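Below are the chains, spelled out letter by letter.
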Amino acid sequence: MRAGGPLARGAAGAGLALGLPAALLALWWVASAGSTNIFLPPLRVIVEAFGRVWLSGTFADDVVPSLWRLGASYGAALVVGVVAGYAIGRWPVARALTSPLLAYFRVLPAPVMIPVLLVAVGIGDATKLIVIGLGALWPILLNTADGVRAVDEVQLETAAAFRLPVWTRHRLTLRAATPQIFAGARQALGISIIVMVVSEMLMSTDGLGFTVTQFQRSFAIPEMWSGVLLIGALGFALAKLFELVERRALRWHRGHTGREEPS
Amino acid sequence: MSRYRHGLGLAGLLGAAVAYELVVRALFSPLHVPPLTAIAPEAVRLLGEARFWTATGRTLLAAVVGLAIALAAGVVLGFAIGSVPGLLRVTSSTLDFLRPVPSIVLIPVLILVLDVKEITVLLVAVSCFWIVLFQVLYGVREVDQVAVDTARSFRLGRLARIVHVTWPTVLPYLGTALRLIVSVALALALTGGLVMGTAGLGEMIWSSQESGEVTGMYALVLLTGGIGVAVDLLARLAERRLLHWHVATRREVAA
């Protein structure tokens, strides 16, 4: 037991968590304040550019399409990945039939599909949607299959012995696999953000990746930096959001296995 | 049983190839999606060409150099952060913030100051570094306190404890990291070629797309997947060699 109430401990924790980031930002601010290097503008100028660029019409024109594509593709990959992964994990014949094929597509890097889809589908939104979805699909699918496969036999037999309806049994199996499904979904989130930005860098007329590349090509350096910061912050925010959802959804699992939250 | 399974796998591959062939011939123009019967001979022809192997060599070199940097930096920093008490608490929020930042945001920043080859290596290194670092940190956290105390009572010094106690505990986590980072490294080495035109497979794929050699591009993508499979296999072999003494590997062999 440490001295001090929960409030003091919370403050200490916040101090520990915020101390280093604050110090680093302050260091960047001070060190770059007098910078005359055009590639490394002062942080103050970048922050000004941030407000000018992203808090105006650009947000609706570029950030919203990016997020829309990301959300739609990621959502579709989740549905397809969980359904197909469930089938593959549940039925050994399906697993045997697909395993060499899956082994191939798992290691084929998603960005390589961009030129392929560019030729096959064209330069529209569909190509970007498909390529983001493909990047996200494999980790979700494979983790779901592994998770479903690893469900405790005894639990399944108990459910069968109690003559639970088939649908309930499927639901229970899926629920038992959720920790692994979430692990795949987290991996997929990071990949889909990367593929989103790359696809917009290569072929787009809007979106975050496109705009940042435009700024860089027209030597609008502070604006470019502000875009880079925005993409970084977006990656961070989505990861945190995911963590929140995961913690809620897997509360039963943590209790079940007795695992405490990491401090 | 195993032969039966392999047979089914082969059937699955063949089925997918036939399905692709039929769908493509029925629905697509060969100018957009060539059939497999055109892609496969092209792929075989590419395998005999020097420029394919030069490009592959360049891409793999960028991936390997980036990997080596990531491994070295990740292991050193991971051990440093993990073995100094308190340091993890101070740095964890910063690490958590930086990790999800997609490494490709570096491209526009660095392209103004470095050449594309260096940026590609750096992209690989940064992406793999986070995976290595966090695996090492997990590993260091799992070190058995009893083993540490035992080593201490045998009067093992700090360095000897790291070599004989911490390192063997972390090694399985590094094995996992190795398996994860090889495909990440390959993906980013290729992305560098696609986005910035760094000489290598990615650039070759992109330029054949731009010059309209559609069949050649499909063949290159097909071969890229093959390289991915080979690299993945190598990583698994390396992991098994590295961990031949480990319980999980020994059980696998016995079974």
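If you look chain B up in an unreviewed UniProt entry, it shows as ABC transporter permease from Phytohabitans suffuscus. Here chain B is described in UniProt, under the heading Sequence similarities (unreviewed entry), as follows: "Belongs to the binding-protein-dependent transport system permease family." Turning to chain B, the UniProt record has this under Subcellular location (unreviewed entry): "Cell membrane".

Going by an unreviewed UniProt entry, chain A carries the name Nitrate ABC transporter permease and comes from Phytohabitans suffuscus. For the record of chain A, the UniProt heading Subcellular location (unreviewed entry) holds the text "Cell membrane".

### Let's talk about a nonpolar patch on the surface
Residues and elements named next belong to chain A. Taken together, the side chains of Trp29, Val30 and Val47 define a hydrophobic patch exposed on the protein surface, amounting to about 300 Å² of accessible area. Summarising the element assignment, Val47 is placed in helix H2 (residues 43-54). Classification of Val47 as partly exposed rests on a relative accessible area of 46%.

### Things to note about the packing of helix H3 (residues 50-83) of chain B against helix H10 (residues 214-242) of chain B
Residues and elements named next belong to chain B. Viewed as axis vectors pointing N to C, H3 and H10 meet at an angle of 45°, and their least axial separation amounts to 12 Å. Taken as axis vectors, H3 and H10 run oblique relative to one another. Crossing handedness for the pair H3 and H10: right-handed. In this structure, H3 contributes Phe52, Thr56 and Leu60 to the contact, and H10 contributes Leu220, Leu223, Ile227 and Val231. Here the contact of H3 with H10 is built from residues that sort into six nonpolar, one polar and no charged.

### A short note on the pattern of salt bridges
Scanning the model with the defined rule gives 17 salt bridges over all chains in all. Among the salt bridges present, the one from A:Glu48 reaches A:Arg44, with a minimum N-O distance of 3.6 Å. Of this pair, A:Glu48 and A:Arg44 both sit in helix H2, four residues apart, roughly one helical turn. Note on A:Glu48: relative accessible area 45%, which makes it partly exposed. Close ionic contact of A:Arg106 with B:Asp232 constitutes a salt bridge, the shortest N to O distance being 2.9 Å. Of this pair, A:Arg106 sits in helix H4 (residues 92-107) while B:Asp232 sits in helix H10, placing the two residues on different chains.

What counts as what
Residues numbered from 1 in each chain as written. Chains lettered and ligands numbered in written order. Predicted model: local features only at pLDDT ≥ 70, side-chain atom pairs only at ≥ 80, totals over all residues. Heavy atoms only, no water. UniProt positions renumbered as here; feature names shortened; annotations may be inferred. Patch = residues over 30% accessible without salt bridge, like charges linked within 9 Å, V, L, I, M, F, W, Y side chains within 5 Å. Areas by Shrake-Rupley, 256 points an atom, 1.4 Å probe, with all protein chains shown as cover. Salt bridge = Lys/Arg side-chain N within 4 Å of Asp/Glu carboxyl O. Helix = DSSP H or I, 4+ residues; strand = E, 2+ residues; numbered from the N terminus. Buried < 20%, exposed > 50% of the residue type's maximum accessible area, 1.4 Å probe, protein only. Axes fitted to C-alpha atoms, helices over the stretch in contact; angles between N-to-C directions. Parallel < 35°, antiparallel > 145°, perpendicular 65-115°, else oblique. Left-handed = near helix turned anticlockwise from the far one by under 90°. Contact = heavy atoms within 4.5 Å. Nonpolar A, V, L, I, M, F, W, Y, C, P; charged D, E, K, R; others polar.

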